[in-house]
Amino acid sequence: MPSDNLIELAVEVDTVSFNYNNLKALDELSLHVPRGISFGLLGPNGAGKTTLIRLLVGLLRPRSGSIRILGQTPSRKMAHLIGYMPQLHSLYAELSVTQNVEFFARIYGLSSKTQRAKQVEGAIRLVGMWSRRNDAVLKLSGGMKQRVSLACTIVHNPPLLFLDEPTVGLDPELRTTFWEYFSALTKQGVTLIISSHTMDDAAHCDSLAFIRDGKVIAKGTPNDLKQATGRPEATLEDAFLHFVRTWGKGE
Amino acid sequence: MMSSLAFTVAARVIRQLTRDRRTMALIFIVPLVVMTLIGLSFPETSVLDYIAPALLATLALFFGFLLTGISFLRERSQGTLERLMASPVSRLDIVVGYLCGFFIFALTQTLIILLFTIYVLKVNYYGDLWQIFVFQIIVIIGAVNLGIFISTFARNEFQMVQFIPLIILPQVFLCGVLWPIEQMPDYLQWISAVLPLTYAVDGLRDIMLSGQNLIHVGVELAVLVGFAVLISILAAVTLRRGT
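Brief notes about the overall build of chain A
Counting its secondary structure elements, chain A contains 8 helices and 9 strands. Since a compact globule built from 251 residues should have a radius of gyration of about 18 Å, the 18 Å found for chain A is in line with a globular shape. C-alpha extents for chain A along the principal axes are approximately 55 × 40 × 35 Å. Evaluated residue by residue, chain A yields a buried proportion of 45% over its 251 residues.

Examining the overall build of chain B
Assigned secondary structure in chain B consists of 11 helices and 0 strands. Order of helices (α) and strands (β) in chain B, N terminus to C terminus: α-α-α-α-α-α-α-α-α-α-α. Rg of the C-alpha trace for chain B: 18 Å, near the compact-globule value of 18 Å for 243 residues, within the 12% margin. In terms of overall dimensions, chain B has C-alpha extents of about 55 × 40 × 35 Å along its principal axes. In chain B, buried positions account for 44% of the 243 residues. Expressed as a percentage of contacts within chain B between residues at least 6 apart in sequence, the contacts between residues at least 24 apart total 83%.

As for the sheet that holds strand S4 (residues 64-69) of chain A
All names here are of chain A. Judged by pairing direction, the sheet is antiparallel, and its 3 strands sit side by side in the order S2-S1-S4 without closing on themselves. Of all strands in the sheet, those bounded by a partner on one side alone are strand S2 (23-34) and S4. Each strand axis lies, on average, 20° off the axis of its neighbour in the sheet, ignoring direction. Where strand S1 (residues 9-20) lies against S2, 8 bridges are found, and the strand directions are antiparallel. If you follow Val13 over to S2, its bridge partner there is Leu31.

Description of the nonpolar core
Ranked by size, the top nonpolar core spans 142 residues in total, and within it Leu56(A), Val101(A), Ala151(A), Ile193(A), Ala57(B) and Val139(B) carry the most contacts. The dominant element in this core, judged by the number of residues it contributes, is helix H3 (residues 45-77) of chain B, at 15 residues.

Topic: the packing of helix H10 (residues 196-210) of chain B against helix H11 (residues 218-238) of chain B
Residues and elements named next belong to chain B. Closest axis-to-axis distance for the H10/H11 pair is 9 Å, and the angle between their directions is 145°. When the axes of H10 and H11 are compared, the crossing they make is left-handed. For the pair H10 and H11, the contacting residues are Pro196, Tyr199, Ala200, Asp202 and Gly203 in the first and Glu220, Leu221, Val223, Leu224 and Phe227 in the second. Within the contact of H10 with H11, the residues separate by chemical class into 7 nonpolar, 1 polar and 2 charged.

Things to note about the interface of chain B and chain A
At the interface, 21 residues of chain B touch 24 residues of chain A. For the side of chain B that touches chain A, the elements supplying multiple residues, two or more each, are helix H1 (4-19) and helix H4 (80-85) of chain B. Its residues placed into classes, the side of chain B that touches chain A shows 6 nonpolar, 8 polar and 7 charged.

Considering the environment of Ile37(A)
Residues and elements named next belong to chain A. Relative to the helices and strands, Ile37 resides in the loop between S2 and strand S3 (38-42). Assessed through the 18 C-beta atoms surrounding it within 10 Å, Ile37 is described here as partly exposed. Along the sequence, Ile37 and Phe182 sit 145 residues apart, while their C-alpha atoms lie 9.8 Å from each other. Leaving out residues up to four positions away in the same chain, Ile37 has contacts with Thr186, Thr191, Asp206 and Ser207.

Let's talk about H11(B)
Residue and element names in this part refer to chain B. The terminal C-alpha atoms of H11, which comprises 21 residues, lie 30 Å apart, in line with the 30 Å expected from a rise of 1.5 Å per residue. Within H11, the full set of buried residues consists of Glu220, Val223, Leu224, Phe227, Ala228, Ile231, Ser232 and Ala235. Axial view of H11: buried residues confined to an arc of 165°, hence all on one face. The outward face of H11, more than 90 degrees from its buried face, is lined by the exposed residues Gly218, Val219 and Ala222.

What to know about the sheet that holds strand S6 (residues 160-164) of chain A
Residues and elements named next belong to chain A. Strand order in the open sheet formed by 6 strands is S5-S6-S7-S3-S8-S9, and the pairing between neighbours is mixed. What marks the edges here is a single partner per strand, and that holds for strand S5 (82-85) and strand S9 (215-220). On average, each strand axis in the sheet is inclined to that of its neighbour by 15°, with strand direction left out of account. Of the strand pairs in this sheet, S6 and strand S7 (residues 191-196) are connected by 5 bridges, and their pairing is parallel. From the neighbouring strand, Phe162 faces S7, where its bridge partner is Ile193.

Remarks on the confidence of the model for chain B
Averaged over all residues, the pLDDT of chain B is 87; the fraction at 70 or higher stands at 98%. Scored as a complex, the prediction yields pTM 0.86 and ipTM 0.87.

What counts and what doesn't
Residues numbered from 1 in each chain as written. Chains lettered and ligands numbered in written order. Predicted model: local features only at pLDDT ≥ 70, side-chain atom pairs only at ≥ 80, totals over all residues. Helix = DSSP H or I, 4+ residues; strand = E, 2+ residues; numbered from the N terminus. Rg over C-alpha atoms; globule rule 2.2 N^0.38 Å. Buried ≥ 20, exposed ≤ 12 C-beta atoms within 10 Å, placed from the backbone. Contact = placed C-beta atoms within 7 Å. Pairing = 2+ DSSP bridges. Axes fitted to C-alpha atoms, helices over the stretch in contact; angles between N-to-C directions. Core = buried A, V, L, I, M, F, W, Y, C linked by C-beta atoms within 7 Å. Left-handed = near helix turned anticlockwise from the far one by under 90°. Nonpolar A, V, L, I, M, F, W, Y, C, P; charged D, E, K, R; others polar. Expected span 1.5 Å × (residues − 1). Arc of directions from axis to C-beta. pLDDT = per-residue confidence, 0-100.

Structural data, given as structure tokens:
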């Protein structure tokens, strides 16, 4: 097995297919994501983004094809290297902010009390919830729960994060704040895989994959994708529609 | 030996339930109310003496199953189980952790029922109190694991509640709680032979009414331990990473 720092790719997905009974969710999808960037999985609802993320974190197994995360097959043994933020808040409503974050810190193996306390505080402060740290999660607003959910995801300082629609339901101000967190994390060398269906999120990513009907229809930086439309004034939404049309013709 | 991750899960379950004061109050009050009603509805002490062991076993199974089934289903529906399944914690750690966490509350309820039955309803019994309690612990472990296992097949609380008449009620009728198993048709007796409540009722009756000890009810105890182990393995196996 190659040593950790020699692995250049955070995510390697090769011709992966996945079906829910008769419904084809992913269709020979391939994707390579280098380390240390924010990578957006963009596509409409039902495109296969969540299925892909659930495969990447090991919650599902591909029917065919292969997946490697930081050079390894997704499994419980390497789960401490990743952080996963599901679409639902996925928090214990009766517990306080600190108790939730502390629980996931323990689950991810932070056994030293001092170190754990430091990282729990760091994660809660990063998401701006320190003043509400003793409040039960059930008393928090949707946006605050989203922030606590992110704190639970990053508390063990994983080098790779999978965030499934982390900005959905957030107001524009909080959405900007989230992207500031994400930017701070990539500056620390963390790789972020972020799913979204809004082009506003797409513009913040270092690189993107447009996903439709379980396939990657285009990949590149936001600028590359816009330029591919041949129109200088094109937005990412225009670019997405452009690729949907050209991909449809190619089929 | 309980792993540190299972311990962490158990501690979290206990902390979460104790922070929910209404649930805590219900955990303590409901068994008291139920037992008071039962006590008032049995004016004949001799009838209550005979039915008490079966009631203790049935209520331990019922409360253990209900508490765990609904609580564990919440873990699924609120997404916390999915987050756990993507973490380094193993399926066995999750099942053992939840078992230990819920066990404390199921045990509390059973203890309340047992003490109320003996000291308030003044039911006559012959066996040792500690042996009755140890026997009940085995019943509870099976009930708690049964709740975790059955919650796999429910998608919401409403569906989970539907499992109560399916899982608990037939056992009340088939396991000698209300009338002797021998009076039932053969095919129903065969069914009762594979239901855990049959052995729980038999064992507790032997201890409480005949004054036998745990060694005398070794067969019943072994069956109940086997059931608890089997159902916990099933619970762990059906706890897919993909929830």
